[in-house]
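Coordinate inspection notes
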Amino acid sequence: MRETLFAKHASTTAALLMTLLLLACATATPYQPEIAGQRVSGGYSETRLDDTRYRVRFAGNTLTSRETVEGYLLYRAAELTVQNGYDWFEITDHTTAADRQTYVERYPRYEPWYGSAYLNWRPHWRYYRGGIWSTWHPYGPDPFWSYDTSVRTVERYEAEAEIVMHSGAMDEDASRAFDARKVLEDLGPTIKWPDES
């Protein structure tokens, strides 16, 4: 009896922790630095390559769209440019990676059992459907009570770019050049900041 209560308490605690974990993850990655152990995974990071060059990266979680990841990467590049006293930046190398994983889960719709103390007894009953009486039990052939299969595909995006920062007027022949202050002004209203709670 004591072991059964302990098992029920342990499973309830585990279920509560999983629910809290899922709630914490149930939001798209906000615009934040990528730090291990934060409430919502993902964020930006950068590596300084020399005085005017950075490698910038933004990783989103499974709820963050590719468009958002690309926008946050561009916003971070503009922020770095202004913070370092430059006016515009050029993207010299850019990649976006998608991590796709498909999960197939098989689980019964209904299969309670009552343990070895009751010879692993499982419930069964009769029901009326389609003009006939049928008997239900967990291992019966009725497709209504068979195993369900859930198939879901999860995508997660990461974008990375190497930028070169410049001062003064933007080169007219620069193909992937951006005015840093204009990027901050245009994308600023679309940025989702981390919750303070």
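Residues numbered from 1 in each chain as written. Predicted model: local features only at pLDDT ≥ 70, side-chain atom pairs only at ≥ 80, totals over all residues. Heavy atoms only, no water.

Quick word on the nonpolar core
Operational definition: Only buried Ala, Val, Leu, Ile, Met, Phe, Trp, Tyr and Cys residues count toward a nonpolar core, and they belong to the same one when joined by side-chain atoms within 4.5 Å. Burial classes follow relative accessibility: with a 1.4 Å probe on protein chains only, a residue under 20% of its type's maximum area counts as buried, one over 50% as exposed, and anything between as partly exposed. Going along the chain from the N terminus, every DSSP run of H or I of four or more residues is numbered as a helix, and every run of E of two or more is numbered as a strand. Residue contacts follow a heavy-atom distance rule, with two residues in contact if any of their heavy atoms lie within 4.5 Å.
Ranked by internal contacts, the top residues of the largest apolar core, which has 23 residues, are Tyr31, Tyr54, Val56, Phe58, Leu73, Phe89 and Ile163. Looking at this core, the elements with two or more residues in it are strand S2 (53–59), helix H2 (66–83), strand S3 (88–108), strand S6 (147–166) and helix H3 (180–187). Here this core takes 7 residues from H2, the largest share from any one element. Look past the residues within four positions of Tyr31 in its chain and what remains in contact with it is Tyr44, Phe58, Tyr72, Tyr75, Arg76, Glu79, Ile191, Lys192, Trp193 and Pro194.

Things to note about the pairing of S2
Quick note on the threshold: The pairing criterion for strands is at least two bridges between them, as found by DSSP.
Taking burial as the measure, the 7 residues of S2 include 5 buried ones, the bulk of the element. Counted between consecutive antiparallel strands, the loop separating strand S1 (residues 43–50) from S2 contains 2 residues.

Some thoughts on the packing of H2 against H3
Let me state the cut-off plainly: Only C-alpha atoms enter the line fits that serve as axes; for helices the fit covers just the stretch in contact. Angles between N-to-C directions range over 0 to 180 degrees. In these notes the angle categories are as follows: under 35 degrees is roughly parallel, over 145 is roughly antiparallel, 65 to 115 is roughly perpendicular, and the rest is oblique. The handedness criterion is simple: a crossing whose near helix is rotated anticlockwise from the far helix by less than a right angle is left-handed, and one whose near helix is rotated clockwise is right-handed. When residue character is reported, Ala, Val, Leu, Ile, Met, Phe, Trp, Tyr, Cys and Pro are called nonpolar, Asp, Glu, Lys and Arg charged, and the others, Gly included, polar.
Put simply, H2 and H3 touch, their axes get as near as 8 Å, and they point 135 degrees apart. When the interaxial angle is binned, H2 and H3 end up oblique. You can see that H2 and H3 cross each other, and the crossing is left-handed. Residue-level contacts link Gly71, Leu74, Tyr75, Ala78, Glu79, Thr81 and Val82 of H2 to Ala180, Arg181, Val183, Leu184 and Leu187 of H3. Class assignment of the residues belonging to the contact of H2 with H3 gives a composition of 8 nonpolar, 2 polar and 2 charged.

A closer look at the packing of aromatic side chains
Rule in force here: Pairing of aromatic side chains here covers Phe, Tyr and the six-membered ring of Trp, requires ring centres within 6.5 Å, and sorts the geometry by plane angle: under 30 degrees stacked, over 60 edge-to-face, intermediate tilted.
Inspection of the entire model under this criterion finds 7 aromatic pairs. Chaining the aromatic ring pairs together yields one cluster made of Tyr31, Tyr44, Phe58, Tyr72, Tyr75 and Trp193.

Some details on the pattern of salt bridges
In plain terms, the rule: Within this document, salt bridges are pairs made up of a side-chain nitrogen of Lys or Arg and a carboxyl oxygen of Asp or Glu, the two lying within 4 Å of each other.
Taken as a whole and assessed by the stated rule, the structure comprises 15 salt bridges. Residues Asp93 and Arg55 are paired through a salt bridge, measuring 3.5 Å at the closest nitrogen-oxygen approach. Taken together, the residues Asp93 in strand S3 and Arg55 in strand S2 connect sequence positions 38 residues apart. What makes Asp93 partly exposed here is its relative accessible area of 34%. Since its relative accessible area comes to 22%, Arg55 is described here as partly exposed. Between Glu158 and Arg57 there is a salt bridge; the shortest N-O distance is 3.1 Å. With a gap of 101 residues between them, Glu158 in strand S6 and Arg57 in strand S2 connect regions that are remote in the sequence. Through salt bridges with shared partners, a single network forms among Asp50, Arg53, Arg55, Asp93, Glu160 and Glu162.

Structural notes on the environment of Thr95
Looking at where Thr95 falls in the secondary structure, it is placed in strand S3. Classification of Thr95 by relative accessible area gives partly exposed; the value is 44%. As for Thr95 and Glu162, which are separated by 67 residues in sequence, their C-alpha atoms are 9.4 Å apart. Every residue in contact with Thr95, bar those within four places of it in the chain, is listed here: Glu158, Ala159 and Glu160.

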